[in-house]
Amino acid sequence: QVQLVESGGGLVQAGDSLRLSCAASGRTFSSYVMGWFRQAPGKEREFVAAVSRSGVTTLYADSVRGRFAISRDNAKNTVYLQMNSLKPDDTAVYYCAAGTRIAQVSAIPKSYTYWGQGTQVTVAS
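Residues numbered from 1 in each chain as written. Predicted model: local features only at pLDDT ≥ 70, side-chain atom pairs only at ≥ 80, totals over all residues. Heavy atoms only, no water.

**Examining the overall build of the protein**
Step number 1: Of regular secondary structure, the protein possesses zero helices and eleven strands.
Step number 2: When its helices and strands are written in sequence order, the protein yields β-β-β-β-β-β-β-β-β-β-β.
Step number 3: Relative to the 2.2 N^0.38 estimate, which gives 14 Å for 125 residues, the radius of gyration of the protein is 13 Å and therefore close to what a compact globule would have.
Step number 4: Taken along the three principal axes of its C-alpha coordinates, the protein extends 40 × 25 × 25 Å.
Step number 5: Across the 125 residues in the protein, those meeting the buried criterion constitute 45%.
Step number 6: Nonlocal contacts in the protein, meaning residues at least 24 apart in sequence, comprise 59% of its contacts between residues at least 6 apart.
Step number 7: Carbon and sulfur atoms make up 47% of the accessible area of the protein, which amounts to about 6,300 Å² in all.
Step number 8: Side chains of the protein give 13 positive and 8 negative charges; the mean places of these two sets differ by 9 Å. (Helix = DSSP H or I, 4+ residues; strand = E, 2+ residues; numbered from the N terminus. Rg over C-alpha atoms; globule rule 2.2 N^0.38 Å. Buried < 20%, exposed > 50% of the residue type's maximum accessible area, 1.4 Å probe, protein only. Contact = heavy atoms within 4.5 Å. Areas by Shrake-Rupley, 256 points an atom, 1.4 Å probe, with all protein chains shown as cover. Lys, Arg positive; Asp, Glu negative; His and termini not counted. Charge placed at Lys NZ, Arg CZ, Asp CG, Glu CD.)

Shown next, in the form of C-alpha cells:
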C-alpha cells in the first residue's frame, strides 16, 4: 500500500506564506495523480489542488487559484503545496491524497485511494 506523510503546517499570520510537503513511499510515485484537500472545523472536506502524474497538468479550487501552487518532484517522491497570501479562511487540516486508479487530475475525494494523516494550518487574522 501507499503511505503518505504531510509536513510543513503551522501557525501563521494573514498574508504570510507556507509550503506543505507530502512524502510518499514506494517505487511508483510517478504513476499516481496527487491531490491536496482540506477540512475546516464544522465543514466538509474540500478539494484544493491536484497535479498530474507528469506534473504538467494542474487543477485548482476557485478559492485558491492564483494564491496556491501545487507541484511534484518524482525523483524525491514528494508533492508540494505552496500557499501564498494566506487568509483566515484557509485555516484547516490539509491532507494529501494519491489517486492510484485515475489517469487524470480530479477534484472528487472518492477518486483518491490513499490519504495522509493531515497537517494543521492555522492563519491568524
